[in-house]
Amino acid sequence: MKFNYILILFSSLIIYSCDKSEETFKPGQLWLDNNGVHINAHGGGFLFSNDTYYWFGEHKTEGEAGNKANVGVHCYSSKDLYNWKDEGIALSVSENTSSLIVKGCIIERPKVIYNTKNKQFVMWFHHELKGKGYNAAMTGVAVSDKITGPYSYIKSVNPNKGIWPMNYPDSLKILGSNLGKFKKWSKEWNKEMEKGAILKRDFERGQMARDMALFVDDDGTAYHIHSSEENTTLHIAELTDDYLDFTDKYVRALPNKSNEAPAIFKRGDNYFMLSSGLSGWKPNAARSAIANHPLGPWKELGNPCRGTKEAINKTFYSQSTYILPVQGKQDSYIFMADRWTPENAIDGSYIWLPIEFENNKPIIKWIDEWSIK
Ligand code: DGJ
């Protein structure tokens, strides 16, 4: 009798804890999905569709090898942003060794947008070829008629082949540089690089595209933002009206400022960009910038983080991936970032914090636990 009573109490406790829905964000802590598994969607991108938020991110596996794409892009859905349902793998890597998205390649920072012209969901992602480290520096695209996938891979490119950026001075549009003569990152190499030598080097092949983001403006024009020129300069490029290609319009943004992890959002008439510096998987200080058009010019606003020196120099031990405007809430934006754990990739956690504004500058402060007001 006593044993039965204990058993009932124990099972009720288990049922209660599984059913208990989340009502707060707890940055950096284990975040369980509807199956009780830590959410596996790193370098994430978000899309709101049909009263539901969708979260797309890198599915990581265990160990250091788990930083490679061994599975694909994972998708989750949520009505309230606190509780997430596993929707499975939206884009799968291929077992076919002749496919560019073969298992073991690198797929990072996937972002999905909806194209009204073709009524299609379009996913772009940073793509590195298997066994080539980070040298290919490509951007890949895949499409699906259904938001959760399966997405069909179309191609990967080094964008803007044979096209000069709109804001590159005519006087510098001369091919050829001394770059090849110097050791990479030497004083002489850097001097050449600062004059746009990498842009020229890649002019005929197409430009490098590593850390990336997408931004769709109010008029439906989509922009692809990526770390280019060996990560020294961001490129912001307009996409065609089907979102599957690049038009010939692109700019160099914040040249030679070495930004990674870009994320753009719009507030009123202003466009804001949050980004990071370059330090591999290790965190560094976040940056912010403002513009009155996605194509710039961009003006730096400095580190948006507030708190202890250590915390703000490391962006609360995280790196930006997306800024989410909360639906139906005036002036409510969430800074979303990754706390990477490269030694056991699957353990990476998520840092979501509210963005405040002071004198039209984004400000981010640490909060242990919070909810949307
Ligand atoms: C930092 C980038 O932001 C990540 O997406 C990833 O590419 C790592 N570097 C790899 O070191």
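Given the structure is predicted, the values throughout are model-derived calculations rather than measurements. (Residues numbered from 1 in each chain as written. Predicted model: local features only at pLDDT ≥ 70, side-chain atom pairs only at ≥ 80, totals over all residues. Heavy atoms only, no water.)

A separate point is helix 2 (residues 187–194). By the burial criterion, the buried members of helix 2 are Trp 189, Glu 192 and Met 193. Buried residues in helix 2, looked at end-on, bunch into an arc of 100 degrees, giving them a common side. Opposite the buried face of helix 2, by more than 90 degrees, sit the exposed residues Lys 187 and Lys 191. Close packing links the buried residues of helix 2 with helix 3 (197–201). At the exit of helix 2 stands Gly 196, carrying a positive phi of roughly 95 degrees. (Buried < 20%, exposed > 50% of the residue type's maximum accessible area, 1.4 Å probe, protein only. Helix = DSSP H or I, 4+ residues; strand = E, 2+ residues; numbered from the N terminus. Arc of directions from axis to C-beta. Contact = heavy atoms within 4.5 Å.)

This paragraph deals with the sheet that holds strand 18 (residues 319–325). By way of backbone hydrogen bonds, the strands of a sheet pair with one another, either parallel or antiparallel. The 5 strands are arranged 17-21-20-19-18 in an open sheet whose pairing can be described as mixed. Where the open sheet ends on each side, the last strands, each with one partner, are strand 17 (305–306) and strand 18. Where strand 18 meets strand 19 (residues 333–339), 6 bridges bridge the pair, whose relative direction is antiparallel. Across the sheet, Tyr 322 pairs through a bridge with Met 336, a residue of strand 19. (Pairing = 2+ DSSP bridges.)

Okay, the pairing of strand 6 (residues 120–128) next. Among the 9 residues of strand 6, 9 are classified as buried, and the element is accordingly described as predominantly covered. Of the two faces of strand 6, the one holding Gln 120, Val 122, Trp 124, His 126 and Glu 128 and the one holding Phe 121, Met 123, Phe 125 and His 127 are both buried throughout. Relative to strand 6, strand 5 (residues 106–115) runs antiparallel, the two sharing 8 bridges. From the neighbouring strand, Ile 107 faces strand 6, where its bridge partner is His 127. Here strand 5 folds back onto strand 6 in antiparallel fashion, the turn holding 4 residues, of which Lys 119 has a positive phi close to 50 degrees. Pairing between strand 6 and strand 7 (residues 138–144): 7 bridges, direction antiparallel.

Our next topic: the pattern of salt bridges. Overall, the coordinates contain 20 salt bridges when judged by the stated rule. The partner of Glu 192 in a salt bridge is Lys 195, and the shortest N-O contact between them spans 3.5 Å. Look at Glu 192 and you get buried, because its relative accessible area is 13%. A residue is classified by how much of its surface remains accessible, and Lys 195, at 45% relative accessible area, is partly exposed. Between Asp 218 and Lys 266 there is a salt bridge, with its nearest N and O atoms 2.8 Å apart. Of this pair, Asp 218 sits in the loop between strand 9 (212–216) and strand 10 (222–228) while Lys 266 sits in strand 13 (residues 260–267); the two residues are 48 residues apart in sequence, bridging distant segments of the chain. Judged by relative accessible area, which is 64%, Asp 218 ranks as exposed. (Salt bridge = Lys/Arg side-chain N within 4 Å of Asp/Glu carboxyl O.)

The next subject is the sheet that holds strand 7. Spatially, 5-6-7-8 is the arrangement adopted by the 4 strands of the open sheet, whose pairing is antiparallel. One side of each edge strand has no neighbouring strand; the edge strands of this open sheet are strand 5 and strand 8 (152–157). The mean angle between the axes of side-by-side strands here comes to 20 degrees, regardless of whether they run parallel or antiparallel. (Axes fitted to C-alpha atoms, helices over the stretch in contact; angles between N-to-C directions.)

Okay, the site of the ligand next. Taken together, the neighbourhood of the ligand is formed by Glu 108, Arg 109, Tyr 134, Asp 211, Glu 260, Gly 280, Trp 281 and Gln 319. Between the ligand and the protein, one listed contact pairs an oxygen atom with a side-chain N or O atom of Asp 211 at 2.4 Å. Within the side chain of Gln 319, a nitrogen or oxygen atom sits 3.0 Å from an oxygen atom of the ligand. When the ligand sits alone it has 300 Å² of accessible area, and the protein chains cover 91% of it. (Near = heavy atom within 4 Å. Polar contact = N/O pair within 3.5 Å; in protein donor to acceptor, adjacent residues only side chain to side chain. Areas by Shrake-Rupley, 256 points an atom, 1.4 Å probe, with all protein chains shown as cover.)

Moving on, we come to unusual backbone geometry. At the junction of Gly 149 and Pro 150, the peptide bond is cis and its omega measures out at 5 degrees in the coordinates. Within the secondary structure layout, Pro 150 lies in the loop between strand 7 and strand 8. The amide bond that connects Gly 296 to the next residue, Pro 297, takes the cis arrangement and shows omega of 5 degrees. Counting through the fold element by element, Pro 297 comes out in the loop between strand 15 (287–291) and strand 16 (299–302). The backbone phi angle of Leu 254 is positive, close to 45 degrees, even though this residue is not glycine. Its identity as a non-glycine residue notwithstanding, Asn 360 has a phi of 60 degrees, on the positive side. Along the polypeptide, Asn 360 turns up in the loop between strand 20 (349–358) and strand 21 (361–365).

Its place among the elements puts Lys 282 in the loop between strand 14 (270–276) and strand 15. What makes Lys 282 exposed here is its relative accessible area of 62%. Sequence separation between Lys 282 and Pro 342 is 60 residues; the distance between their C-alpha atoms is 9.0 Å.

Just geometry here; none of it tells us what the structure is for.
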